[in-house]
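Chain and residue survey
Listed below are the residues making up each chain.
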Amino acid sequence: MVQGAANWNTELTEEWLQNYVDDWVAFYRKMTSDGKVASYIPILEEANQNHLGITIMGNNGMTIRSGDTDIPFTIQSISKVISFIVGCMERGVQYMLDRVDVEPTGEAFNSIMHLEMKQLKKPFNPFINAGAITVTSMLEGNTSDEKLKPIIDLMERMFGYRPALNVDVYESERDSSMRNRAIGYYLLETGFLESDMNITLETYFKQCSIEITIDDLAKFGMILANDGEDPNSQEEIIPRPIARIAKALMLTCGMYDASGKFATYVGIPAKSGVSGGIIAVSPPRVREEELPFLDGCGIGVYGPALDEQGNSEAGIRLLRHIAKQWDLSIF
């Protein structure tokens, strides 16, 4: 049985927390059988659905790792957070928000139903595919590599190394993503795109195919938890207003059409991807009792077995458990 709450006032050593997290990962690994790996991108179907890992990086310097933490995977829809941040840094926040809204949809991430039915003047938010493709079209550059460069540049500043494109995943996405091409044609017809559709889609497929680890997600989350500043170097990586908007969007729109439930039951900003990754952000919080990571932390999770909404089945359950035990909720 998974361990319950501890007496956190007296047991906040790294070793003690490690034992608890190890126990929780072992317990929730059993839940991977309830999900299925993504199949609409053929190469993602090759993932081991029993994998489950987590990295927690605190602003206080403590790091907890457990489970399958050494498995590289592609960033997929988590890249939408980075492309939106890059767009805001390049073009300005107001320019971006004039062209992409910040409202949750309640629909699947690859749906354009509301755009068609309500004749909206802009996509609902930058984390659904229609909004993300629109954001990618606004990135500066005349080729896909030029548009992709500032995304990888920002990731290099955060992670400390330059992540690479997984060419096999990129080619699999490029050759199989008929729905995204349909979305692209719709956006082109309605005038949402600001650059050539084929270049925009090529960039979008590439940004989703950048290979990372859960340590990278935890580091990104830690920087967002610290309002865009790397607590290790004290360098501002992301301007504070942009970091805060990104966190707000992650809370309300980051978990596809399960975002409301995640906000209710977990209560922290997060963004998922169909490869099984989740980035979660716990900002600093004030509590009367001593709890783990009160100074804030970033969390990276990998669990490729997905639920019906496209989120990691075991990963969400693990995050929900940790958020409850450590009172991570921002509410």
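Scroll up a little and you will see the structure.
What you see is a predicted model, and the numbers here were worked out from it, not measured in a lab.

**A closer look at the overall build of the chain**
Scanning the chain from N- to C-terminus turns up 13 helices and nine strands. Here the chain has a C-alpha radius of gyration of 19 Å; the compact-globule value for 331 residues is 20 Å, and the two agree. By its C-alpha atoms, the chain is 60 × 40 × 40 Å across when sized along the principal axes. Each of the 331 residues in the chain was classed as buried or not, and the buried ones make up 59%. A fraction of 68% describes how many contacts in the chain between residues 6 or more apart in sequence connect residues 24 or more apart. Total accessible area computed for the chain in this model is approximately 13400 Å², and 47% of it derives from carbon and sulfur atoms. Of note, the chain has its 29 positive side-chain charges centred 5 Å away from the centre of its 46 negative side-chain charges.

**Description of the packing of aromatic side chains**
The description of an aromatic ring pair rests on the distance of the ring centres and on the angle between the ring planes. Counted according to the given criterion, the structure contains eight aromatic pairs. With a centroid separation of 5.8 Å and an interplanar angle of 45°, the aromatic rings of Trp16 and Tyr20 are classed as tilted. With a gap of four residues between them, Trp16 and Tyr20 both fall in helix H1 (residues 14-28), about one helical turn apart. Given a relative accessible area of 33%, Trp16 falls into the partly exposed group. Taking the centre distance of 5.7 Å and the plane angle of 65° together, the rings of Tyr20 and Trp24 count as edge-to-face.

**Section: a negative patch on the surface**
A contiguous patch of negative charge, built from Glu45, Glu46, Asp168 and Glu171, is present on the exposed surface. Secondary-structure assignment places Glu46 in the loop between H1 and strand S1 (53-58). Judged by its relative accessible area of 67%, Glu46 is exposed.

**Describing the pairing of strand S9 (residues 297-302)**
Within S9, six of the six residues are buried, leaving the element largely enclosed by the surrounding structure. Covered by surrounding structure in S9 are Cys297, Ile299 and Val301 together with Gly298, Gly300 and Tyr302, the residues of both alternating faces. Here S1 runs beside S9; their pairing, made up of six bridges, is antiparallel. The residue bridging Ile56 from the neighbouring strand is Ile299, located in S9. Where strand S8 (residues 277-282) meets S9, six bridges bridge the pair, whose relative direction is antiparallel. Of the residues in S9, the one forming a bridge with Ile279 is Gly300.

**Remarks on helix H7 (residues 167-176)**
Those residues of H7 that sit buried are Val169, Tyr170, Ser172 and Glu173. For H7, the arc enclosing every buried residue in end-on projection is 165°, short of the 170-degree limit, so these residues lie on one face. Residues of H7 that are buried make contact with strand S3 (73-74) and helix H9 (197-208). The backbone nitrogen of Asp168 has a side-chain oxygen 3.2 Å away, supplied by the residue at the start of H7, namely Asn166.

Calculation criteria
Residues numbered from 1 in each chain as written. Predicted model: local features only at pLDDT ≥ 70, side-chain atom pairs only at ≥ 80, totals over all residues. Heavy atoms only, no water. Helix = DSSP H or I, 4+ residues; strand = E, 2+ residues; numbered from the N terminus. Rg over C-alpha atoms; globule rule 2.2 N^0.38 Å. Buried < 20%, exposed > 50% of the residue type's maximum accessible area, 1.4 Å probe, protein only. Contact = heavy atoms within 4.5 Å. Areas by Shrake-Rupley, 256 points an atom, 1.4 Å probe, with all protein chains shown as cover. Lys, Arg positive; Asp, Glu negative; His and termini not counted. Charge placed at Lys NZ, Arg CZ, Asp CG, Glu CD. Phe/Tyr/Trp six-rings, centres within 6.5 Å; stacked < 30°, edge-to-face > 60°. Patch = residues over 30% accessible without salt bridge, like charges linked within 9 Å, V, L, I, M, F, W, Y side chains within 5 Å. Salt bridge = Lys/Arg side-chain N within 4 Å of Asp/Glu carboxyl O. Pairing = 2+ DSSP bridges. Arc of directions from axis to C-beta. Polar contact = N/O pair within 3.5 Å; in protein donor to acceptor, adjacent residues only side chain to side chain.

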